[in-house]
Amino acid sequence: MRPKLVFTGPTVSHADALKVVDAVCLPPAVQGSIVSAVQRFDPSAILVIDGGFQAEPAVRHKEILWALSRGIHVVGAASMGALRAAELFPHMQGVGLIYRWYRRFAFAPDDAVAVLHGPAEVNFAQLTHALIDLRRTLRAACRRGVISPEQQARLGRAAQAVNFRERTLARMVRDAYDVEKLCRELGAAFVQQKKQDALLALELLREQAFEKAHPLPELQLTSAFSKDMDDAGLAL
C-alpha cells in the first residue's frame, strides 16, 4: 500500500500526528522536499502543514504541481501548507480557517503563520507564537470579556509590530501594557488555530476525504525549475 506523507514540525509534532493518521512524518517542507519524498516513498497523498524558509529556500509551487501531475493528492493546512494551497487554488486542496483566510485576503502577510522553532533534535519545538494565533486569542478574549475592544486593537498592533522571531504572547502584552495579569489571562484563553487546522487536515488525510482533483494544465518543466532540482541533487 502506498503511504501517506505529512510534512510537519512546530505546529503538530510527529508523535501527535501519528495519533491521528497512519503516515510517514517528515520535517517541514523546503525546496526539493516534495520531489525527494515522491521519489523515495511513491505516496498516495501528501499533507503539507509546516515549511521552512530561512536557512533553505521555501518549498516551490512548481514541485507541488509536479506531484499533482503524477496523480498524488496534495493537501495544505495551518502554516506553509495553507499558504501554498491558497496560492495554488484550485489545484491544491486547502483545509481550515487559516487556508480560507489566505484565500479571502490575497495580500495577507506570509509571516502571520511564521514561527521560530528548534531543530529536529528537539522535535522542532515552537519558540514563538504565530501572529494568526495571537489574533485569534485576542478575538476570543474580547468575546469572553477578558479584554475590551480597545485593548484588543492595541495588543493586535503590538503583536504585528514585532518580528516573528521574537513574537510571543508575553512580548505582545509587555510592549502594549507591561501587565503580567493580562498576560496570564490571555494565556488561559490562548487559541492554537494553526494546530486546530492541522489536526483537521490530518483527520481528512486519515479518512481520505479528498476533493475531486481539478484538471491541471500541461506541466512545463522550465529551465529554472530543473536547475533548482539539479542544485538540490534531485533528477526529474
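Residues numbered from 1 in each chain as written. Predicted model: local features only at pLDDT ≥ 70, side-chain atom pairs only at ≥ 80, totals over all residues. Heavy atoms only, no water.

A. View of the environment of P3. Considering the arrangement of structural elements, one finds P3 in the segment before β1 (4-7). Between the C-alpha atom of P3 and that of M92, which follows or precedes it by 89 residues, the distance is 19 Å. Ignoring sequence-local partners within four residues, the contact set of P3 consists of V24, F41, D42, P43, S44 and A45. (Helix = DSSP H or I, 4+ residues; strand = E, 2+ residues; numbered from the N terminus. Contact = heavy atoms within 4.5 Å.)

B. Focus on the nonpolar core. By size, the foremost hydrophobic cluster in this structure holds 55 residues, and its most contacted members are I34, I46, Y102, L155, M172 and L186. Sort the elements by how many residues they give to this core and helix α6 (residues 131-143) lands first, with six residues. The residues contacting I46, other than those within four sequence positions of it, are L5, F7, I34, V38, I72, H73, V74 and V75. In terms of nonpolar packing, the next biggest core, distinct from the first, is built from 20 residues, V20, A45, V95 and A198 among them. (Core = buried A, V, L, I, M, F, W, Y, C linked by side-chain atoms within 4.5 Å. Buried < 20%, exposed > 50% of the residue type's maximum accessible area, 1.4 Å probe, protein only.)

C. Molecular detail of the packing of aromatic side chains. Under the defined criterion, the tally for this structure stands at two aromatic pairs. Aromatic side chains F53 and F164 sit 5.5 Å apart centroid to centroid with 45 degrees between the ring planes, which places their arrangement in the tilted category. Here F164 lies in the loop between α7 (149-161) and α8 (169-176) and F53 lies in the loop between β3 (45-48) and α3 (61-69), a separation of 111 residues in the sequence. Overall, the relative accessible area of 39% leaves F53 in the partly exposed class. Of the residues examined, F164 reaches a relative accessible area of 6% and is grouped as buried. (Phe/Tyr/Trp six-rings, centres within 6.5 Å; stacked < 30°, edge-to-face > 60°.)

D. How the structure looks around the pairing of strand β4 (residues 73-77). For β4, the buried fraction is high: four of the five residues fall into the buried class. Where β3 and β4 come together, four bridges link them in parallel fashion. If you follow A45 over to β4, its bridge partner there is H73. In this region the chain leaves β3, passes through α3 and returns to the parallel neighbour β4; the handedness of that crossover is right-handed. Pairing of β4 with strand β5 (residues 93-95) involves three bridges; the strand directions are parallel. (Pairing = 2+ DSSP bridges. Right-handed = clockwise from strand over helix to strand, strands pointing away.)

These values are about where atoms sit, not about what they do.
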